[in-house]
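Structural description and commentary
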Amino acid sequence: MRYLNYSLLFLLPLLLFSWQTPANQQWQRKVDPRLLEESRSQKGLDMLVLLNEQLQPQTSNQLSKEEKAWEVFEQLREAAETSQRGLMQWLEREEIAFRRLYIVNALQLRGDLSLLEQLAKREDVARIVDNGAIRVSRLEASQPVGQRGPRNLEWGVERVRAHEVWALGYRGAGVVVGGEDTGYDWMHPALQSRYRGWNGTSADHNYNWHDAIRELNPLNEYPNDDPSNNSCGLDVDVPCDDQGHGTWTMGIMVGSDGDNQVGVAPDAQWIGCRNMENGWGSPFSYLECLEWFLAPTDLNGENPDPTKAPHVINNSWVCPEVEGCNPSNWGMIEQAINNLRSAGVFVVVAAGNDGREGCSSINKPPSIFENSFAVGSIEPNDSVSNFSSRGPVTVDGSGRIKPNVMAPGRNIRSSQNGGGYMEGTGTSGSAPFVAGTVALMISANPDLAGQVELLEDILEQTVSIQHQPEDCGDLTAIPNNTYGFGSLDALAAVEEALNLITSTTEVPSANPWPIYPNPTRDQVYFDLPSTTSSAWLELFDATGKRLQVLQQPFNGQAPLSLSLKAYPAGLYFYRLQIGAQQWSGRLLRQ
């Protein structure tokens, strides 16, 4: 895996600023210059406080998706709980409200210049950056449209050949997609049956929905600052979309309602997080949703469970500097995306709609990052859309080639807030085609779950290739800064996924005896054959330290039982010996 040096990324803006800082004002070197500028004219500063310990967990491809998720989650949470303790205790004594993150080790709070100075002088604080406002990349155009019949296939679905994948029997079953957007109309006819929180008769929104919006955004300029101005309300326990963008993007991933086959993976399930208040968000609300997807929680924000993380998440938003995102906080969003990727979650992002600006118009997070799978837009004739942002990425000095791939983005018909259907245009519609295709690939080959790098390679190597004269680099090169590797081909990607399946007869199971439940919250049972006279069972933690040895006579009348209740949640290993034979494997404690 490839990572940037985040400590340098966070500090670079201040190195440019520090030459003019007096010796008695050294604390200012830790503060985003933009935040210092704001402190001269306002008292209610909205800030993100980064602590010194910033982990970047890396996991082995030999681990399952659930094991990767637990390993990353446990490392990040433990580091945050330990390093944040002193700062939180001080804030509580000072009666200063705050909100925490662990996907990036940081706290969000509000205060004045005096508080800013006190925080910056703390030894456990590495950096303080602005938590500005961000606006969603609006659709290029939208209009209500009517019903369509089964023979009138949506052009985008047909172009990526998703319908040919359906004909093979793969429609996304067993896969969970996540969406971070303006919210979702979960009762829309094209979405309700695929919502993970709906069992056909009743709803359970725990672990399936999160609302990161707890206050009105001042950029909306509502009269009287009344929460009723938002059509959904604030911090709601039921999925809701206050703007419509999210409902449209989710439909492109999974939407299905009779003749309205608008989604690429109509049998996949979905979960969602609202990260914008009527189209406006903040770095913290984006980060909060990214963290929730790493380990979804109940509606109280408690009891996180990484095993409920989605396989892929769609991010159809950009973060322009003029609306709050700047080089001082880019690294936080990138680090969160990197940690999700290490946890086995595929992160898809829209390339952006600034293509009319020409080359290097992919210049805003999250599409600029190495580990964001950026998607540009093509027209029905396969040409690049004029609005689709181009590379190379120069805003961070990397010069990296973007986008990764292209997908349909013009006049994409999908679900509309309130139960209808609409057509919209923008790379916001292109990214969900890729997220849906990832669901089809994992549905066809479940062994690909959590194998993000392999999934990326397959998508990039199975595209169809286009060329169009432009000045953004050599278009004969693959990849290039207009089309990336080329245009998405869901059928070719699924066929390659199927080619990777290894016959079960070639690789014997590490342990032929049933073990259940795994994951577990307490007991694990080994259902050994009745001919077993004795068994030797050892339990190890993830570092290889032996925790428990169980040796006992066994008459086959009941399963062999092992308790993990005394140990914290995480990954463990067992070694089982019966006579001269020995097996080993993994256990997951929730």
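Here, every reference points to the structure presented above.
I will try to describe carefully the structure that is included in this document.

The rules behind these values
Residues numbered from 1 in each chain as written. Predicted model: local features only at pLDDT ≥ 70, side-chain atom pairs only at ≥ 80, totals over all residues. Heavy atoms only, no water. Axes fitted to C-alpha atoms, helices over the stretch in contact; angles between N-to-C directions. Helix = DSSP H or I, 4+ residues; strand = E, 2+ residues; numbered from the N terminus. Parallel < 35°, antiparallel > 145°, perpendicular 65-115°, else oblique. Left-handed = near helix turned anticlockwise from the far one by under 90°. Contact = heavy atoms within 4.5 Å. Nonpolar A, V, L, I, M, F, W, Y, C, P; charged D, E, K, R; others polar. Buried < 20%, exposed > 50% of the residue type's maximum accessible area, 1.4 Å probe, protein only. Polar contact = N/O pair within 3.5 Å; in protein donor to acceptor, adjacent residues only side chain to side chain. Disulfide = S-S within 2.5 Å. Salt bridge = Lys/Arg side-chain N within 4 Å of Asp/Glu carboxyl O.

Some thoughts on the packing of helix H10 (residues 427-444) against helix H11 (residues 452-461)
Two numbers describe how H10 lies on H11: the axes approach to 11 Å, and their chain directions differ by 110°. For the element pair H10 / H11, the angle class is roughly perpendicular. Our pair here, H10 against H11, has a crossing hand that is right-handed. On H11, the residues that touch Val434, Thr437, Val438, Met441 and Ile442 of H10 are Leu455, Ile458 and Leu459. Here the contact of H10 with H11 is built from residues that sort into seven nonpolar, one polar and no charged.

Some details on the environment of serine 389
Within the fold, serine 389 resides in the loop between strand S13 (373-378) and strand S14 (405-408). Judged by relative accessible area, which is 1%, serine 389 ranks as buried. Separated by 13 residues in sequence, serine 389 and glycine 376 place their C-alpha atoms 6.7 Å apart. Polar side-chain contacts of serine 389 include one of 3.1 Å to the backbone oxygen of glycine 352. In this structure the side chain of serine 389 is engaged in a polar contact, spanning 2.9 Å, whose partner is the backbone nitrogen of aspartate 354.

Some words on the state of the cysteines
Per the stated rule, a full pass over the model turns up three disulfides. The partner cysteine of cysteine 273 in its disulfide is cysteine 289, sulfur to sulfur 2.0 Å. Negative torsions about the S-S bond denote left-handed disulfides, and the value of about -75° found for cysteine 273 with cysteine 289 makes this one left-handed. Of this pair, cysteine 273 sits in strand S9 (residues 269-274) while cysteine 289 sits in helix H8 (residues 283-294), and the two are 16 residues apart along the sequence.

Here's the deal with the pattern of salt bridges
Evaluated as defined, the whole model comprises 25 salt bridges. The salt bridge involving glutamate 37 is made with arginine 40; its shortest N-O contact spans 3.2 Å. Judged by its relative accessible area of 69%, arginine 40 is exposed. We note a salt bridge from aspartate 124 to arginine 122, for which the minimum N-O separation is 2.9 Å. Through salt bridges with shared partners, a single ionic network connects Arg34, Glu38 and Asp130.

Concerning the packing of H8 against helix H9 (residues 327-342)
Their axes nearest at 10 Å, the elements H8 and H9 cross at an angle of 10°. Of the possible angle classes, the one that applies to H8 and H9 is roughly parallel. Residue-level contacts link Pro283, Leu287, Leu290, Phe293 and Leu294 of H8 to Asn329, Met332, Ile333, Ala336, Ile337 and Leu340 of H9. Partitioning the contact of H8 with H9 into residue classes produces 10 nonpolar, one polar and no charged.

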